[in-house]
Amino acid sequence: MLKSDTNPKCESKRALVERNDSRALAFIRGSSAKSSEEKSVRQDRLWLSPKAALSHCVSSRSVSALSSLALLLFLLTASPSSFADEPARRKFTKIQVSNEYFSEGAGHGDFNQDKIIDVVCGPHWYAGPDYKQKYRIYDGKSFPNDKGYSDNFFSFGHDINADGWTDVVTLGFPGRPAHWFENPKGKRGNWPKHVALPGVDNESPAFADLTGDGRPEIICSYQGRLGYGEYDPDDPTARWNFHAISDRGPWAPFTHGLGLGDVNGDGRMDLLTALGWLEQPASLEGNPIWEPHVFRFCPGGAQMFAYDVDGDGDNDVITSLQAHAYGLSWFEHVTGDDGEITFEPHPIMGSKPEENPFGIVFSQLHAMALHDMDGDGLKDIITGKCYWAHNGHDPGARDSAVLYYFKLERNKDGAHFIPRQIDDNSGVGRQVSIDDLNGDGRPDIVVANKKGVFAFLNRMTSH
């Protein structure tokens, strides 16, 4: 085990990330057979400094000029209500569930079968609707909120053993095991603990249905290969089976950027990475390697999404650019003359106020979600600043821990994301969870980080 796993330090972690992401770029481009000298030249050309990489990812002279013109036209023609802050319609009620640092993420589920959604974070679940009463899942502890890291990064609610009670899936510090805790059906005390996977790599793993079988999988990398871990519904307490979908490469615990979505419109979920996407084959029999398609979206952000941003019938890609720096973009799906899918970048937010038409800028977009927050039928981006992600060593670390949703609007000039600040003293961790917590038909938000655990109840009126 790496020394940094047991005593993680910002500088060693950053060095691992940069080295492994650089090697990953060479790997996915198929350059592993090249000479070391040729590799070095190629990587020097492709793996840019953070500042240059940001510019490379989100700008070209023509794209920037067109984007600026479109945004100017949008601002001139849109009605003031399109981006005026209207408290009666755009309102969230903040609940601080806990002020202790248990985890970098929190999830949700009905854990006591009272038909009210509860919140789960690390070793506890909190009973809705007020979340004042907490119950133990396992013997855990809180961690200092100004240094180090928790041993828990993600929490998900799901009925693994199909007994009608919602269980809890937890993903620990990157590289550590994943577990699921069996709901004891109302009994007090520790929940029975089961190992799901012996290790989960990547800082943005997902728990979602990648394969289309109706059951969620843990989507991550393990032992240098991208893939997914699935449980056996006939033997749910057995260790989950990890299916590798890529050849072995430098996919590591601290690699950033991962997601899923149907990129090519064939009805199957594909895997998204910072360096391209892997196409799901028609059949998964025999554990086939998925075909890689190279496109360098960014150095590495957080959760990634495939969604039809501009409404033209094909799915685009949405991602933050650097989890420990700046940048948020969507990448327009374009079919080249050769019939291959490529992408055109559209910046949403950069590293300076002037790079967003509303003057919004914040760093460390280390967690994202995509959901229709206002009922207009279009999915919006929910993200924020990851509070104290590298313990004060990242750009903008001491800025306010903001939480935003970026409202998607379309008009004759294109698609645009309008920033809406939800809060300025919470931020995000590594996970943003969305669910209707109070049963009013509106999607609410759950986050956790070194500031504690928070729920934001959506009070917006539907469009």
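Starting afresh in each chain, residues are numbered from 1 along the sequence in its written order. The predicted nature of this model means local features are confined to residues of pLDDT at least 70 and side-chain atom pairs, given and counted, to a pLDDT of 80 or more, with totals for whole chains, interfaces and linings taken over all residues. Computation of side-chain values: all heavy atoms of the structure, hydrogens and water removed.

A. Local environment of the environment of Leu-260. Under the DSSP-based scheme used, a helix requires at least four consecutive residues in state H or I and a strand at least two consecutive residues in state E, with every element numbered from the N terminus. Among the structural elements, Leu-260 can be located in strand β14 (residues 258–261). When a residue's accessible area, from a 1.4 Å probe over protein chains only, is under 20% of the maximum for its type it is buried; when over 50% it is exposed; and in between it is partly exposed. Judged by relative accessible area, which is 18%, Leu-260 ranks as buried. It is 8.7 Å that separates the C-alpha atoms of Leu-260 and Ile-219, two residues lying 41 residues apart in sequence. Here, residues are in contact when the closest pair of their heavy atoms is within 4.5 Å. Not counting the four nearest positions on each side in its chain, Leu-260 is found in contact with Ala-206, Ala-208, Asp-209, Leu-210, Ile-219, Met-269, Asp-270, Leu-272, Met-304, Phe-305 and Ala-306.

B. Focus on the sheet that holds strand β4 (residues 124–126). DSSP bridges decide pairing: two strands pair if at least two such bridges lie between them. One open sheet holds the 4 strands; their spatial order is β2-β3-β4-β5, and the pairing between them is antiparallel. The open sheet has two free edges, formed respectively by β2 (107–109) and β5 (134–136), since each of these has just one partner strand. With strand direction ignored, the average angle separating the axes of adjacent strands in the sheet is 30 degrees. Where strand β3 (residues 118–121) meets β4, 3 bridges bridge the pair, whose relative direction is antiparallel. By the bridge assignment, Val-119 is partnered in β4 with Tyr-126. Axis angles are defined between N-to-C directions and span 0 to 180 degrees, where every axis is a line fitted to C-alpha atoms and, for a helix, only to the segment in contact.

C. View of the side chain of Ser-426. Positionally, Ser-426 belongs in the loop between β25 (414–423) and β26 (432–435). Of the residues examined, Ser-426 reaches a relative accessible area of 0% and is grouped as buried.

D. Representation of the packing of aromatic side chains. The rule is short: rings of Phe, Tyr and Trp, with Trp giving its six-membered ring, pair when the centres are within 6.5 Å, and they are stacked under 30 degrees, edge-to-face over 60, tilted in between. In total, this model carries 24 aromatic pairs according to the counting rule given. Note on Phe-297 and Phe-331: the rings are 5.2 Å apart at their centroids and 80 degrees apart in plane angle, and the pair reads as edge-to-face. Taken as a pair, Phe-297 in the loop between β17 (291–294) and β18 (303–307) and Phe-331 in strand β20 (residues 328–335) lie far apart in primary sequence, 34 residues in all. Both residues of the pair, Phe-297 and Phe-331, belong to the buried class. Cluster of aromatic residues (ring-pair linked, three or more members): Phe-154, Phe-156, Phe-207, Tyr-231 and Trp-240. The rule is short: NZ of Lys or CZ of Arg within 6 Å of the ring centre and within 35 degrees of the ring normal puts a charge over the ring. Its end group placed over the ring of Tyr-149, Lys-450 keeps NZ or CZ at 4.8 Å from the ring centre. Just above the ring of Tyr-387 sits the side chain of Lys-451; from NZ or CZ to the centre is 4.4 Å.

E. Focus on unusual backbone geometry. Residue Pro-129 follows Gly-128 across a cis peptide bond; omega there is 10 degrees. Relative to the elements of secondary structure, Pro-129 occurs in the loop between β4 and β5. In the Ramachandran plot, Lys-185 falls in the positive-phi region, its phi being about 60 degrees despite a non-glycine side chain. One can find Lys-185 in the loop between β8 (178–181) and β9 (193–197). You will see that Trp-388, though not glycine, has its phi angle at about 55 degrees, which is positive. Within the secondary structure, Trp-388 is located in the loop between β23 (380–384) and β24 (403–411). Overall, Trp-388 belongs to the buried group, its relative accessible area being 15%.

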